[in-house]
Amino acid sequence: MPSFRASVDRHLEGFLTDLRAFVEVESPTADKAACDRAGRHLAAWFREYVGAEIVQHPQERWGDHFEARIGGGRRRILLLGHFDTVWAIGTLGRMPCRIAGDRMTGPGCFDMKYGDLQALWALRLLGESGAARDKAFVFFGNSDEEVGSPTSRPIIERLARESECVLVLEPSVGVEGAVKLWRKGVGIYHLDIDGVASHAGADPEKGRSAILELAHQVVDLHGVTDPEQGTTVNVGIVRGGTRQNVVAAHAEAEIDLRVRTAAEGRRADERIRNRPTFVRGTSVRVRGGLNRPPMEETEASRRLYTLAKRIAAEEGFDLPASGTGGGSDGNFTAAVGVPTLDGLGAVGNGGHADHEHILLAPIAPRLAWFTRLLAEL
Ligand SMILES: [Zn+2]
């Protein structure tokens, strides 16, 4: 398979112009009108550049999601993107989309508008070359990823089941652009503790302190952590009590769980739900559960990575593999048993932070590499 590098170099300026225009269509998840605008923008490019058939998935609360269907081959490949960002409308005022030195800045450029356009342009270059006619590609543009994909999840799981493999265009890891072979699963829990209020001076023995119980609970919950298995529990928020001279009648906590394997997810979830009580007369309730299952490395995802790494070497760069504690839609597709490779998008840093940026030098080699990956899969 010949390299696409020469045609990438010819198109690089057009690519950067599109990317900048797309970053400048601000699209915070909670702003439906703004997300719909960004989605229409992206879908129109898919129609214009690759003749995609667009299937809309209208939503009430969040922005509309869309599928872009390209090619009539028998082998179906799913490409996952999202065009919502964590940045409020007006962020462009203080974080303008700018190319300066070795980087491009702007809200959402790294997470993950670059990745959306890498998919679009790779399909465009692939189409022009006439390669990969045995395949059908579906690009899914998600509009509610940054709030945990509440409405897109079932669509993504169905599309994954209909596909041979899933390529997720979320940002890569580090300046070396590592792909993500695994992601931790995420659990979110809320703890409520009821005690008995009393006067801390006059009737201390009649009180049952919810705060004392909470203190025991925090220590016990952190004990669920198992660093060797990659399992962590973090009690991130605690609240409780009313005054310093009242034995606290109520306390609560919010808890974050991360796991690398489904088995650890079951173990930790059970431990977190089945709370012992330490202070007699208090009661403890737990709500919540695993929100995203872990994306586990499998033999099939390893094979995808080996192919991606070989092509990268032929395009002149090394492609390390990595993983992350953060979740993405790749967690859902891997959990339904479809080989998933994630972190195929931007090289840069600062997702969800003021210094969000992408590096310019890796764009051309990476776009050429990804195009060829689609051809050779
Ligand atoms: Zn993202």
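Position numbers for residues start from 1 in each chain and track the written sequence from start to end. pLDDT decides what is reported in this predicted model: residues at 70 or higher carry local features, side-chain atom pairs at 80 or more are listed and counted, and totals for whole chains, interfaces and linings draw on all residues regardless. Hydrogens and water molecules were not included; the side-chain quantities draw on all heavy atoms of the structure.

The name given to the chain in an unreviewed UniProt entry is M20 family metallopeptidase, with Candidatus Segetimicrobium genomatis as the source organism.

Draft legend 1. Molecular detail of the overall build of the chain. Comment: elements are numbered from the N terminus, with helices defined as DSSP H or I runs of at least four residues and strands as E runs of at least two. What the chain contains, in helices and strands, is 10 helices and 18 strands. Here the C-alpha coordinates of the chain stretch approximately 85 × 45 × 40 Å along the principal axes. Of all 377 residues assigned to the chain, the portion counted as buried reaches 55%. Two residues qualify as a contact provided that any one of their heavy atoms is within 4.5 Å of a heavy atom in the partner residue. Expressed as a percentage of contacts within the chain between residues at least 6 apart in sequence, the contacts between residues at least 24 apart total 80%. Computed by Shrake-Rupley with a 1.4 Å probe, the accessible areas treat only the displayed protein chains as cover when residues are assessed. If you sum the accessible surface of the chain, you get close to 15800 Å²; carbon and sulfur atoms cover 50% of it. Exposure categories follow from relative accessible area, calculated using a 1.4 Å probe and restricted to protein chains: below 20% of the type maximum is buried, above 50% is exposed, and the middle band is partly exposed.

Draft legend 2. Fine view of the UniProt feature "active site" (unreviewed entry) in the chain. UniProt positions are given in the numbering used here, feature names are shortened, and annotations may be inferred rather than shown by experiment. Here the UniProt feature "active site" (unreviewed entry) sits at Asp84 and Glu145. Judged by maximum C-alpha separation, these annotated positions cover 62 residues in sequence but sit close together in space, the widest gap being only 6.9 Å. Narrowing the list just given to those that line the largest pocket leaves Glu145. Looking at where Asp84 falls in the secondary structure, it is placed in the loop between β3 (75-82) and α3 (91-94). Those residues in contact with Asp84 that lie beyond four places of it in its chain are Ser27, Thr29, Cys35, Asn142, Ser143, Asp144, Glu145 and Glu146. At 2.9 Å, the side chain of Asp84 and the side chain of His82 are in polar contact. The way it works is a 1 Å grid over only the protein atoms, where trapped points that fit a 1.4 Å probe form a cavity and open points with protein on both sides within 12 Å along at least five of seven lines form a pocket, and then any residue with an atom within 4 Å of a point lines it. Polar contact is defined as a pair of N or O atoms within 3.5 Å, subject to the rule that within protein one atom must be able to donate a hydrogen and the other to accept it, and that residues adjacent in sequence are counted only when both atoms are side-chain atoms.

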